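Listed below are the residues making up each chain.
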Amino acid sequence: MRKTALLIIAALVLGTGAWAQGGITDNPADNASLDSGFLRIGEFQNTVRNNVGASSFLFPSGDKLVTGLHSSVSADDFLGGLKPVNSYYSQINYNLLSYGWKGASGYHSVDIGARVNYGLSVPEEVFHVLKLGTAQSPYDLASLKAFGNLYGEIAYSYAMPLGDNLSVGARVKLLAGLNSVDMVVRKLELTTTEEQYNLDIDADIDLTNMSKKVGTDDDGYLDYTNFSGKGKLSTPTGAGLALDLGVVWKPFSGFTLSASAMDLGGILWYYGNAGKSSGTYTFEGLKDLTVDEMDQEAILAKIKAAGEELLSVVKPKAVERLWKVKAIPVSAKMKASYAMPFLDKLSVDFSSLYTGYRFCIPYWESRAGFTFDYPGVARLELNAGGGTCGFVYGINGSVDFLRFRLYASFENGAGGVIPYEDIPLKANNKLFTIGLTYKL
Amino acid sequence: MKKLFVLFILSLPLMWSCENMDYDISEGVDNEITLFGDQVSVPIGDVGPLTPKSMLGGEGTMDAIKDYVKEDEEGYLVVEDKNSFYENYVLLISYMLPDQTLPIDLPVADASGDLKSSAEILEGFGFTLSPQVFTLCATNPLTEDISVSGSMKLLSAPGDGTPAETLQSQVFSNAKVKAETPDAEILKMELTGGKPVSSYCFENTFLHLPASLLEKDPLSGFGAFSLSYKYKSYISFENDFPGEIPIDIDDLDLQLAQYRVKEVRICTEVSNEIPVTLELTGVDVYDASHVKYDDVSVTSGLRINSGTSGHPVITPLEIVIKADDGTIPDISSLSLTLAIKAPTGAGDKRLNMNQAVYFNKLRATVSGGITIQGL
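Definitions and limits used
Residues numbered from 1 in each chain as written. Chains lettered and ligands numbered in written order. Predicted model: local features only at pLDDT ≥ 70, side-chain atom pairs only at ≥ 80, totals over all residues. Helix = DSSP H or I, 4+ residues; strand = E, 2+ residues; numbered from the N terminus. Rg over C-alpha atoms; globule rule 2.2 N^0.38 Å. Buried ≥ 20, exposed ≤ 12 C-beta atoms within 10 Å, placed from the backbone. Contact = placed C-beta atoms within 7 Å. Pairing = 2+ DSSP bridges. Axes fitted to C-alpha atoms, helices over the stretch in contact; angles between N-to-C directions. Domains from an automatic or database assignment. Nonpolar A, V, L, I, M, F, W, Y, C, P; charged D, E, K, R; others polar. Core = buried A, V, L, I, M, F, W, Y, C linked by C-beta atoms within 7 Å. pLDDT = per-residue confidence, 0-100.

## As for the overall build of chain B
1) Next: Each helix and strand in chain B was counted, giving four helices and 22 strands.
2) Next: Taken over C-alpha atoms, the radius of gyration comes to 37 Å for chain B, far larger than the 21 Å a tight globule of 375 residues would show.
3) Next: Over its C-alpha atoms, taken along the principal directions, chain B stretches across nearly 155 × 50 × 35 Å.
4) Next: Taken over 375 residues, chain B has a buried fraction of 29%.

Below you can see the structure in the form of structure tokens.
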């Protein structure tokens, strides 16, 4: 008893235990095996993925820290630590309420929640230019992207067994787009020679808001210092639909294979403040600079004129309000578990995950682990593996107390963090989940 | 054993998310950065025109000659002289004639004199007077044509122990002067190359006047016959300017030290219409105390080839400012040594105030990075 209590306490202290029992981010077919209803409140999941860490940008030098652009840091050390596309991505899932009940032939559940996504992708070429200069032109900077969106979800799931060994499930999600900002760069090429710089750009900046309008200047460019109307974060500015599909197969005793495809769909956003940057800008120096004008004021005026010419290409020009369908991050998961014949409460797990984004590099990982499952008491899963962000490990589990189940999950990578800042030093996948379920 | 296992589980997140004190940013991060470590090229633009007018307008060696030269209506630099050597009123001539009903060949006294061409001064600066145009002009106040005959010689200045040399001579006969024409050009002599004209000489000159001078228009008697000359010489630069010209640029305030730049290469294509070859033979770099930097070198021996009006010659030019040891310091002044050489090749060598030098495709390449503090 004492040992069992110790394990329960350990799991609580760790904040682990993610047997989410059909959470909105899990395989919808998982619910088919449930034999009672449930009520879940306040599931919170925070995912942060970065394929480069702070140690790619900060370097200890003597008793101080310097940036990768410091002269004491070699180009190989700095640029060698970067990826072709350097991405940071964050997602917050908040499941306000879930309710599940067992029907005559399957299991039903509804979920209400919200999601926030935001991130940034910067191509290595940007740092290459800054560190080394312009000798290796041309540069393709099209992977420069920034995005953020907030949307609500109302989901209905249905899971049903098909025979003794197979279960299928589906989840339909109505998505209410609340706000979205999306910088999509289709083309951004910088060619630098001694004689000229050439910038070829084709990019959109899409900003939603029903009631708050970004003004335009006299030339029709978006003026972010000039707003009209009152913006309300909660006013829907888009609507969408997404579908989760899952299957769980138990071909023989002790072995479970599950697969799911999540978030197949998108949101039709209404971009009330849309802009487009398009065109080519060529800088061949300050033109028609006469000898008489070789004073600071005249040169500054020429530079200003050249800058304005550049801005006329780069600055987003307001376009008609438009509707655009944009996919939400889509995931595919697969997991295989095998319960040990000598101890059915211990299983060995293999899992893989792929998540595709429009706005940054895709994420994938594969893991192996094992799970201790003491039904009615606790469950603990440990795993480790690798993928886009290098080495990752995870601990998740749950504890049952009366009809309550507290579950949590923690995933992280190796490499340490910046002291007191919790900023990962290496590429990292960090995920934290916590939720509370009440079994009906 | 199971306790150990639990402890292992507990330590996992601490083990892989531990704080690495090497990355403690609470003390701040050194904000010095060095950009473009290999090299960065920046197009600067096109600069020009640099004209003789702008050069003559400034102070310096060229300023010394601007009092002797003029700019003609086409912009050419010229020296000019104009003088009348004969003038006689019709009424007076008519009064003196023994028989006014007959035509008369009126003798004109021989005339000679020196030209105010400032040739010696200009030659001292390496300029050549070429081509030289000497024009004989006559004024005829009558309502009838007249003609002029005679001979003229153009002479060079005598040298040390050598007499003046006749550069050109011409005999003219019955050169017509139309009625009521002031300063009609009746004879033009052009000398290309050679010595500058120093003096002139008119001999055996006659005005061939019609009979009854005042019969058709008595009022023309108040007018006067006159003979004059106009001398105009274009200035060209056909000999090397003697010596080298030091040009000091003292008002520079290039605070480059803070950027720790090792080398700056400035390239341009010089488009030159001026028929003069320019050579930068030396560049010295000085600090604020006007102490020469010995470890900062600037490319010298640069040459800008000569061109002609409307036919500029393009010369690629590359100037490298390099710190032989360390980085380029603050530069307060430059001392250039310029040699002006005769133009190369054939073609019009006249100097024109509108001939221009352009520095096209001016670009700078900085090697070794640019260090910035406080970004």
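Further notes follow.
## Quick word on the overall build of chain A
1) Next: Secondary structure assignment for chain A yields four helices and 24 strands.
2) Next: Burial statistics for chain A: of 440 residues in total, 39% are counted as buried.
3) Next: Considering only contacts in chain A between residues 6 or more positions apart, those separated by 24 or more positions represent 66%.

## Quick look at the sheet that holds strand β14 (residues 245–249) of chain B
In a beta sheet, neighbouring strands pair by backbone hydrogen bonds and run either parallel or antiparallel.
Residues and elements named next belong to chain B.
1) Next: The sheet built from four strands is open, its strands ordered β14-β20-β16-β18 with antiparallel pairing. Looking at the sheet topology across the chains shown, the edges are occupied by β14 and β18 (302–304). Strand-to-strand twist across the sheet, computed as the mean angle between neighbouring axes with direction ignored, equals 25°.
2) Next: Sheet analysis places strand β16 (residues 277–286) next to β18, joined by three bridges and oriented antiparallel.

## Topic: the domain arrangement of chain B
Residue and element names in this part refer to chain B.
1) Next: The domain boundaries assigned to chain B delineate domain 1 (33–51 + 239–372) and domain 2 (67–236).
2) Next: Placing a centre on the C-alpha atoms of domain 1 and another on those of domain 2 gives a separation of 49 Å.
3) Next: Every contact between the two is made by 12 residues of domain 1 and, on the other side, 10 residues of domain 2.
4) Next: Residues belonging to the side of domain 1 that touches domain 2 are distributed by class as follows: six nonpolar, three polar and three charged.

## So, the interface of chain B and chain A
1) Next: Across the boundary between the two partners, chain B contributes 45 residues, which contact 51 residues of chain A.
2) Next: Only α1 (2–16), β1 (29–30), β2 (33–35), β3 (39–50) and β21 (357–367) of chain B provide two or more residues apiece to the side of chain B that touches chain A.
3) Next: Per element, the largest residue contribution to the side of chain B that touches chain A is 11 residues, and it comes from β3 of chain B.
4) Next: Of the residues belonging to the side of chain B that touches chain A, the class tally is 22 nonpolar, 13 polar and 10 charged.

## A closer look at helix α3 (residues 124–132) of chain A
Residue and element names in this part refer to chain A.
1) Next: The set of residues buried in α3 consists of E125, F127, V129 and K131.
2) Next: Packed against the buried residues of α3 are α2 (75–79), β5 (107–123) and β6 (139–140).
3) Next: Downstream of α3 by a residue or two, G133 has a phi angle that is positive, lying close to 115°.

## Concerning the nonpolar core
All names here are of chain B.
1) Next: The biggest cluster of nonpolar side chains holds 26 residues, and the ones touching the most others in it are L77, V78, V79, L122 and I235.
2) Next: Elements supplying a minimum of two residues to this core: β5 (77–89), α4 (119–124), β13 (224–236) and β21.
3) Next: A per-element tally of this core places β21 first, with four residues.
4) Next: Shared between two domains, this core takes at least three residues from each, and those domains are domain 1 (33–51 + 239–372) and domain 2 (67–236).
5) Next: Filtering out sequence-adjacent residues up to four positions away, I235 remains in contact with V69, L77, V78, V79, L122, F127, L129, R350 and L351.
6) Next: Core analysis: the next-biggest nonpolar cluster, separate from the first, contains 25 residues, F134, L142, I146 and L155 among them.

## Notes on the sheet that holds strand β2 (residues 58–61) of chain A
1) Next: A sheet is described by the order of its strands in space; here three strands give the open sequence β2(A)-β3(A)-β1(B), paired in mixed fashion. This sheet does not close on itself; its edge strands, each paired only once, are β2 of chain A together with β1 of chain B.

## Quick look at the pairing of β5 of chain B
Residues and elements named next belong to chain B.
1) Next: Both strand β4 (residues 70–71) and β5 contribute to a ladder of two bridges, which runs antiparallel. Within β5, the residue paired with E71 across the bridge is L77.
2) Next: Counted between consecutive antiparallel strands, the loop separating β4 from β5 contains five residues, among which G75 sits at a positive phi close to 95°.
3) Next: In this sheet, β13 lies alongside β5 in antiparallel orientation, the contact comprising 11 bridges. Residue N88 lies in a different strand from β13, and its bridge partner there is F225.

## As for unusual backbone geometry
1) Next: Between S137 of chain A and the following residue, P138 of chain A, the backbone shows a cis peptide bond with an omega angle of 5°.
2) Next: Even without glycine at this site, N204 of chain B takes up a positive phi of about 50°.
3) Next: Note that N204 of chain B resides in strand β12 (residues 199–209).
4) Next: Accessibility expressed as a C-beta count within 10 Å gives 12 for N204 of chain B, which makes it exposed.

## Side note on the pairing of strand β20 (residues 333–341) of chain B
A regular strand places its side chains so that they alternate between the two faces of the sheet.
1) Next: Sheet topology note: the β14 of chain B/β20 of chain B ladder contains five bridges and is antiparallel. Within β20 of chain B, the position partnered with I245 of chain B by the bridge is L338 of chain B.

## What to know about the environment of P28 of chain A
Residues and elements named next belong to chain A.
1) Next: Looking at the secondary structure, you find P28 in the loop between α1 (2–14) and β1 (38–50).
2) Next: The exposure class of P28 is buried, given the 29 C-beta atoms found within 10 Å.
3) Next: Taking the C-alpha atoms as reference points, P28 and W269, separated by 241 residues in sequence, lie 26 Å from one another.
4) Next: Excluding its chain neighbours within four sequence positions, the residues that come into contact with P28 are S157, A159, G169, A170, R171, D244, G246 and S260.

## With respect to the environment of W249 of chain A
Residue and element names in this part refer to chain A.
1) Next: Residue placement: W249 occurs in strand β12 (residues 238–252).
2) Next: Each C-alpha atom of the pair W249 and V168 lies 8.6 Å from the other, and the pair is 81 residues apart in sequence.
3) Next: If we skip the residues at most four places from it in the chain, W249 touches N165, L166 and L257.

## Regarding the confidence of the model for chain A
1) Next: In this model, chain A carries a mean pLDDT of 87, and residues with pLDDT of at least 70 account for 92%.
2) Next: Predicted confidence is poor over residues 1–22 of chain A, with pLDDT under 50, and the contacts of this stretch with residues over four places away or in other chains come to 61 contacts.

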